[in-house]
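One-letter residues, chain by chain:
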Number of protein chains: 6
Amino acid sequence: MPLVTIKLIEGIFSDQQKQQMIERVTDAMLSIEGENLRPVTWVLIDDSVRSGDWGIGGHGLTVEDFQAVAAGKTTAPAIG
Amino acid sequence: MPLVTIKLIEGIFSDQQKQQMIERVTDAMLSIEGENLRPVTWVLIDDSVRSGDWGIGGHGLTVEDFQAVAAGKTTAPAIG
Amino acid sequence: MPLVTIKLIEGIFSDQQKQQMIERVTDAMLSIEGENLRPVTWVLIDDSVRSGDWGIGGHGLTVEDFQAVAAGKTTAPAIG
Amino acid sequence: MPLVTIKLIEGIFSDQQKQQMIERVTDAMLSIEGENLRPVTWVLIDDSVRSGDWGIGGHGLTVEDFQAVAAGKTTAPAIG
Amino acid sequence: MPLVTIKLIEGIFSDQQKQQMIERVTDAMLSIEGENLRPVTWVLIDDSVRSGDWGIGGHGLTVEDFQAVAAGKTTAPAIG
Amino acid sequence: MPLVTIKLIEGIFSDQQKQQMIERVTDAMLSIEGENLRPVTWVLIDDSVRSGDWGIGGHGLTVEDFQAVAAGKTTAPAIG
């Protein structure tokens, strides 16, 4: 404990970026729970959702849709 | 995307600690994926696993077991 | 197959609404996969996420936050 | 919220069918929770379970097994 | 690895039965993967699904429904 | 009910081993819950986590890392 699962669309992040996610999310968790829990802090990446299969508001978003949001080319969804 | 789920034992972390987890894990993710994806970066906390129901190596660990590891009172599990 | 899981914040929907979710989501799935798969179509509701523990963009949303969005009192998040 | 995850066996449904699942399941949810929650209604499809790896009653079912049930060629499982 | 999650309806199994599940499922996994992986074999129990929220074929089953099946009082669902 | 999910790294276990997991874990569950629940006992295998994406203590483990632990070549992680 804890168990952190990071769900991603397939093919959007590189292996290096996924390693950074594991490192930085682990460090974020340890900064709260304490360093002694490191050996039982698991962070799993699951990037098996296919492009087009990530539905927001009834619309299946693709890798390209998310890249457009990331690049600031699309009006990003916003929480009010 | 992404969707991050943090699974915890019930009753081990305070509301304030859980808010810190949401903030820091979100920031860790945004440092890699870029700030524009903030509105679609979800971090859910699921602390519904009961004390005793977190099995490691066939032994169900309790809140007290994890607190002992966190306090350094028990030899922590370690990855070689 | 299929297995559908509906994750909700605790205490926001009534028992009747949750039964409607099971019925209508099952029907939506069967309209695509065919009626013969009904007996192996599972729809589970998991409403164990605590109020405040549903993080969007680094902010933990409460039952009241979602009710304000549902009532149109808050600018809803929108996908561009 | 809500977060709906649809778990499927790999290769059994077409891209078009998966888009229909996202649309119809989203609409089913919105008919209960209200249209204002559309932007925060996520429906993810995860069709990464391999053929043979969906165990029911101790027997791993394949794409062909489910297609036989869908076609009415096999006695379907039934809830009493 | 592996990570095994056992999802149950709330209140149907005793603490003792849940400990047996952790022990026996761990042993079943180790009989295949080998004893050396014991320390990284996690078996988590999640019994947070409420009675009535386990939908099969569009019908939300309760603790009593499952107890009737277990007791042989109801025609059990069967895979053909 | 129950629903058991077994999460594995991709490519580490053979099809035969995965069938054994389904059979033996189902039997372990039925030994506790009773044979009558067999038709509604589901055991799903999800081996979609890529090699390198299973993070323990901030380090992403590969198929080779787990094989080394299984073979006893690496000091295994241990719970105290």
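Here's what I pulled together on the structure shown here. (Residues numbered from 1 in each chain as written. Chains lettered and ligands numbered in written order. Predicted model: local features only at pLDDT ≥ 70, side-chain atom pairs only at ≥ 80, totals over all residues. Heavy atoms only, no water.)

1. As for the relation of the copies chain A and chain B
And then number 1: For the match of chain A to chain B, the screw axis carries a shift of 0.0 Å, the RMSD comes to 0.0 Å, and the turn is 180°. Expressed as an axis order, the relation between the two copies is that of a two-fold axis.
And then number 2: Taken together, the interface assignments show that 100% of the residues at the interface of chain A recur at the interface of chain B, consistent with an identical surface on both copies. (Least-squares fit on C-alpha atoms with pLDDT ≥ 70 in both. Contact = heavy atoms within 4.5 Å.)

2. Structural notes on helix 1 (residues 15–33) of chain E
And then number 1: For helix 1 of chain E, spanning 19 residues, the distance from its first C-alpha to its last is 27 Å, which sits close to the expected 27 Å at 1.5 Å a residue.
And then number 2: Backbone geometry just after helix 1 of chain E places Gly-34 of chain E at a positive phi near 100°. (Helix = DSSP H or I, 4+ residues; strand = E, 2+ residues; numbered from the N terminus. Expected span 1.5 Å × (residues − 1).)

3. Notes on the interface of chain F and chain C
And then number 1: Taken together, the six residues of chain F in the interface contact six residues of chain C.
And then number 2: Linking chain F with chain C are zero salt bridges, by the criterion used here.
And then number 3: Counting the contacts that link chain F with chain C gives zero residue pairs in polar contact (both at pLDDT 80 or more). (Salt bridge = Lys/Arg side-chain N within 4 Å of Asp/Glu carboxyl O. Polar contact = N/O pair within 3.5 Å; in protein donor to acceptor, adjacent residues only side chain to side chain.)

4. Some thoughts on empty space enclosed by the protein
And then number 1: Under the defined criterion, the tally for this structure stands at five cavities of 30 Å³ or more.
And then number 2: Forming the walls of the largest cavity are 26 residues, and the residues nearest its centre are Lys-7 of chain A, Lys-7 of chain B, Lys-7 of chain C, Lys-7 of chain D together with Lys-7 of chain F.
And then number 3: Of all the elements, strand 1 (residues 3–9) of chain F adds the most residues to the lining of the largest cavity, at four residues.
And then number 4: Class assignment for the residues of the lining of the largest cavity results in eight nonpolar, six polar and twelve charged. (1 Å grid on protein atoms, 1.4 Å probe; cavity = no way out; pocket = protein on both sides within 12 Å on 5 of 7 lines; lining within 4 Å. Points joined across faces, edges and corners; volume = space filled by probe spheres on them. Nonpolar A, V, L, I, M, F, W, Y, C, P; charged D, E, K, R; others polar.)

5. Considering the interface of chain A and chain B
And then number 1: On the chain B side, the residues contacting the 35 residues of chain A number 35 residues.
And then number 2: Area buried by chain A at its contact with chain B is led by Met-1, Ile-32 and Asn-36 of chain A, which between them contribute 24% of it.
And then number 3: Where chain A touches chain B, the interface holds zero salt bridges.
And then number 4: Connecting chain A to chain B are seven residue pairs in polar contact (both at pLDDT 80 or more).
And then number 5: Those elements that provide at least two residues to the side of chain A that touches chain B are strand 1 (3–9), helix 1 (15–33), strand 3 (54–56) and helix 2 (63–70) of chain A.
And then number 6: The element best represented in the side of chain A that touches chain B is helix 1 of chain A, accounting for ten residues.
And then number 7: Grouping the constituent residues of the side of chain A that touches chain B by class yields 26 nonpolar, six polar and three charged.
And then number 8: Where strand 1 of chain A meets strand 1 (residues 3–9) of chain B, five bridges bridge the pair, whose relative direction is antiparallel. When the bridges of strand 1 of chain B are listed, Ile-6 of chain A appears paired with Val-4 of chain B. (Buried area = accessible area lost by both parts, 1.4 Å probe. Pairing = 2+ DSSP bridges.)

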